[in-house]
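# Fold and geometry: a report
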Amino acid sequence: MADPTVVLLHGAWHRGSCWAPLQEALAERSWRSVAPDLPTDRPGLGAADYADAVSLPEGELVVVGHSLGGLTAPVLAARAADRVRALVLVAAMVPEPGRSHMDLVKADPSILPRPIASPTRNADGTTSWSVEAALEAMYAGVPPELAEPAVARLRPQAWTVTKEVTPLQAWPSVPTTSVVCAADPMAAPEASRRIARERGFTLRELPGDHFPMLTRPRELAEIIASA
């Protein structure tokens, strides 16, 4: 049986190119992968719109969502559950059917830590990072030679996806793995562990920062392959 194609969904402010080191690590294993740019910079679009923008390859799939991409990954996996072999959430936000992500944060503020710097709000309601603030907060712990090129590619982020009630009707009936990064400044590790245990996900942990696709791509590839 052929290995599945890995579908990689990026997080807020990013593009599909953020997955490049992980894609190289997957290619070393002869695994195919796709990393589309989601329309996350367009105001008014939500998780269903993001999922609509993904052209799924034929055959079996593994769907991977990083950070804000966790709100879209299970929506996409549910649409193709008959051929999705696994869902992997990496330092991710986790939707709950019938609620918005903002509802979840209001009920449990520990889900989101308070980073030491914040993005700026634009006139259209999107937010953007300055280079300095992104390096200080979001990319804390990432070596400068990896962080600086990544920050140079950031773009604005719109927020309907966190305000809408998730379009996910029920959690997809596929094995789900949650990857928690122990020193993550953006997705609170202890809350992520608790959510994984409550939802019955397989819990895997990596040391370090919010971007293991950059700093630990081979380790993350191993987790995806074993999922």
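Anything mentioned here points back to the structure above.
This one's a predicted model, so the numbers in the text were calculated from it and none came from an experiment. (Residues numbered from 1 in each chain as written. Predicted model: local features only at pLDDT ≥ 70, side-chain atom pairs only at ≥ 80, totals over all residues. Heavy atoms only, no water.)

### Re the nonpolar core
Here is a general trend for soluble globular proteins: nonpolar side chains tend to be buried in one another's company. Grouped together as the largest cluster of nonpolar side chains are 69 residues, with contacts concentrated most on Leu22, Val64, Trp129, Met138, Tyr139 and Ile224. Ignoring anything within four residues of it in the chain, the contact list for leucine 22 reads Leu8, Met213, Pro217, Leu220, Ala221 and Ile224. (Core = buried A, V, L, I, M, F, W, Y, C linked by side-chain atoms within 4.5 Å. Buried < 20%, exposed > 50% of the residue type's maximum accessible area, 1.4 Å probe, protein only. Contact = heavy atoms within 4.5 Å.)

### Details of the side chain of aspartate 209
With respect to the secondary-structure elements, aspartate 209 resides in the loop between strand S8 (202–206) and helix H9 (212–215). Taking the relative accessible area as the measure of exposure, aspartate 209 reaches 4% and is therefore buried. For aspartate 209, the side chain forms a polar contact with the main-chain nitrogen of phenylalanine 211, separated by 2.8 Å. Side chain to side chain, aspartate 209 and threonine 215 meet in a polar contact 3.1 Å long. (Helix = DSSP H or I, 4+ residues; strand = E, 2+ residues; numbered from the N terminus. Polar contact = N/O pair within 3.5 Å; in protein donor to acceptor, adjacent residues only side chain to side chain.)

### Here's the deal with the pairing of strand S7 (residues 176–181)
In terms of burial, S7 is largely enclosed, as 6 of its 6 residues are buried. Burial along S7 is two-sided: the face carrying Thr176, Ser178 and Val180 and the face carrying Thr177, Val179 and Cys181 are both buried. Two elements, strand S4 (residues 84–90) and S7, share 4 bridges in a ladder whose sense is parallel. Note on S7: the bridge partner recorded for leucine 87 is threonine 176. Pairing geometry for S7 and S8, over 5 bridges, is parallel. Residue valine 179 lies in a different strand from S8, and its bridge partner there is arginine 204. Crossover S7 to S8 through helix H8 (residues 189–199) is right-handed. (Pairing = 2+ DSSP bridges. Right-handed = clockwise from strand over helix to strand, strands pointing away.)

### Section: helix H6 (residues 144–152)
For an α-helix the count is 3.6 residues per turn, leaving residues at separations of three or four pointing the same way. Listed as buried for H6 are Ala147, Ala150 and Val151. One face of H6 carries all of its buried residues, which in axial projection span an arc of 95°. Residues of H6 that are exposed and point more than 90 degrees away from the buried face comprise Glu145 and Ala152. For H6, the secondary structure elements touched by its buried residues are helix H5 (131–136) and H9. (Arc of directions from axis to C-beta.)

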